Amino acid sequence: EAGVTQFPSHSVIEKGQTVTLRCDPISGHDNLYWYRRVMGKEIKFLLHFVKESKQDESGMPNNRFLAERTGGTYSTLKVQPAELEDSGVYFCASSQDRGNFFEKLFFGSGTQLSVL
Amino acid sequence: DQQVKQNSPSLSVQEGRISILNCDYTNSMFDYFLWYKKYPAEGPTFLISISSIKDKNEDGRFTVFLNKSAKHLSLHIVPSQPGDSAVYFCAASALGYGKLTFGQGTILTVHP
């Protein structure tokens, strides 16, 4: 079974440009999450999709970030225009359901974004 | 306002010895706690979890202890192996949902 896949693995762009990150969750997983780790600090929640609906986007930093999940399959995270402080590793995670006790997340390898 | 803290950025232990990683939290609404392990260039992978109704959970060489009154949890790895060298993240959840609050991570190095 394929895991969570993220593209690209690395992206280097200049300030003011646009970048789009993509996440393909594990097939059948309705829950999809975006997280970000900046400068070796803690991993922070950005938003949560259930199928194609945004369930919680309380972690999105500002309106330069736009996430979509059309059709409830893959998701994209667009940053426009990118700023220096957007640099970091963006992780996507997916889960099937709540399970018996807790929701077990499966993470992708992340996209390392560098804004110069 | 960091609600989950791992105060030790790094830990170095000898192979075969015990590794103890610590984590503190402030939010009383957290009722599920998890440890994730991360190798370079990979995403975090789930290691072990504990519910707030328990104070200990074991899985092979890994044991997590929870002290609710102190809002403190720890991960014990016994015996430590070189392959355990990685970054360990403590995470907390309310109601067991996937919106996790992570600590900064602790880099564990196990020397042969």
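Residues numbered from 1 in each chain as written. Chains lettered and ligands numbered in written order. Predicted model: local features only at pLDDT ≥ 70, side-chain atom pairs only at ≥ 80, totals over all residues. Heavy atoms only, no water.

Asks: Even after reading the chapter, I still don't get the side chain of Ser94 of chain A, so can you show me in this structure?
Replies: As for its position among the elements, Ser94 of chain A is in strand β9 (residues 88–95). Of the polar contacts made by the side chain of Ser94 of chain A, one reaches the backbone nitrogen of Ile26 of chain A; its length is 3.4 Å. (Helix = DSSP H or I, 4+ residues; strand = E, 2+ residues; numbered from the N terminus. Polar contact = N/O pair within 3.5 Å; in protein donor to acceptor, adjacent residues only side chain to side chain.)

Asks: Please clarify how the pairing of strand β6 (residues 53–56) of chain A should be interpreted in this entry.
Replies: Taken residue by residue, a regular strand's side chains alternate between the two faces of the sheet. Where strand β5 (residues 43–50) of chain A meets β6 of chain A, three bridges bridge the pair, whose relative direction is antiparallel. In the sheet register, Val50 of chain A faces β6 of chain A, and the bridge partner there is Ser53 of chain A. (Pairing = 2+ DSSP bridges.)

Asks: Can you help me understand the sheet that holds strand β8 (residues 75–79) of chain A in this one?
Replies: In a beta sheet, neighbouring strands are held together by backbone hydrogen bonds and run either parallel or antiparallel to one another. Residues and elements named next belong to chain A. Ordered in space as β1-β3-β8-β7, the four strands form an open sheet in which the pairing is antiparallel. In this open sheet, the two edge strands, each paired with only one partner strand, are β1 (5–7) and β7 (65–68). Pairwise comparison of adjacent strand axes, ignoring direction, gives a mean angle of 15° for this sheet. Two elements, β1 and strand β3 (residues 19–24), share three bridges in a ladder whose sense is antiparallel. Counted as the bridge partner of Phe7 is Arg22 from β3. (Axes fitted to C-alpha atoms, helices over the stretch in contact; angles between N-to-C directions.)

Asks: Hey, could you run me through the packing of aromatic side chains in this one?
Replies: Here a ring pair, both rings aromatic, is described through the centre-centre distance and the interplanar angle of the planes. What the rule picks out here adds up to 14 aromatic pairs over all chains. Residues Tyr35 of chain A and Phe45 of chain A carry aromatic rings whose centres are separated by 5.8 Å and whose planes lie at 75° to one another, so their mutual orientation is edge-to-face. On the criterion of sequence distance, the pair formed by Tyr35 of chain A in strand β4 (residues 31–37) and Phe45 of chain A in strand β5 is long-range, its members being ten residues apart. The exposure classification of Tyr35 of chain A matches that of Phe45 of chain A, with both residues buried. An aromatic cluster is present here, built from Tyr33, Tyr35, Phe45, Phe91 and Phe107 of chain A together with Tyr36, Phe46, Phe89 and Phe102 of chain B joined pairwise through their rings. (Phe/Tyr/Trp six-rings, centres within 6.5 Å; stacked < 30°, edge-to-face > 60°. Buried < 20%, exposed > 50% of the residue type's maximum accessible area, 1.4 Å probe, protein only.)

Asks: How do you make sense of the pairing of β3 of chain A when you look at a structure like this?
Replies: All names here are of chain A. Going residue by residue along β3, you find Val19, Leu21 and Cys23 tucked away on one face and Thr20, Arg22 and Asp24 left uncovered on the opposite face. The sheet contact formed by β3 and β8 spans five bridges and is antiparallel. Within the sheet, the bridge partner assigned to Thr20 lies in β8 and is Lys78.

Asks: Would you mind going over the interface of chain B and chain A with me for this structure?
Replies: Size of an interface: often given as the accessible area lost when the parts come together. Tallying the contact residues gives 21 residues for chain B and 20 residues for chain A. Interface area, chain B with chain A, both sides summed: about 1,700 Å², of which 60% is carbon and sulfur. Of all residues in chain B, Gly98, Lys99 and Phe102 of chain B bury the most surface against chain A, accounting for 28% of the area lost on that side. Counting across the chain B and chain A interface gives one salt bridge. (Contact = heavy atoms within 4.5 Å. Buried area = accessible area lost by both parts, 1.4 Å probe. Salt bridge = Lys/Arg side-chain N within 4 Å of Asp/Glu carboxyl O.)

Asks: Looking at this structure, I do not really get the state of the cysteines. What am I missing?
Replies: By definition, a disulfide links two cysteine residues through a covalent bond between their sulfur atoms. Considering all chains together, one arrives at two disulfides over all chains under this definition. Here Cys23 of chain A connects covalently by a disulfide to Cys92 of chain A, the sulfurs 1.8 Å from one another. One quick way to see it: the torsion about the S-S bond of Cys23 of chain A and Cys92 of chain A is about -65°, and its sign makes the bridge left-handed. With Cys23 of chain A in strand β3 and Cys92 of chain A in strand β9, this pair connects stretches of sequence that are 69 residues apart. Cys92 of chain A matches Cys23 of chain A in its accessibility class, with the two residues each being buried. Cys23 of chain B shares a disulfide with Cys90 of chain B; S-S distance 2.0 Å. Taking the torsion about the S-S bond as the criterion, the Cys23 of chain B to Cys90 of chain B disulfide, at about -70°, is left-handed. Here Cys23 of chain B, found in strand β3 (residues 19–25), pairs with Cys90 of chain B, found in strand β9 (residues 86–93); they are 67 residues apart in sequence, far enough to count as distant. (Disulfide = S-S within 2.5 Å.)

Asks: Teacher, can you tell me more about the side chain of Asp86 of chain A here?
Replies: Residue and element names in this part refer to chain A. Inspection of the secondary structure assignment puts Asp86 in the loop between β8 and β9. Overall, Asp86 belongs to the buried group, its relative accessible area being 2%. Excluding residues within four positions of it along the chain, Asp86 makes contact with Arg36, Arg64, Phe65, Val79, Pro81, Leu113 and Val115.

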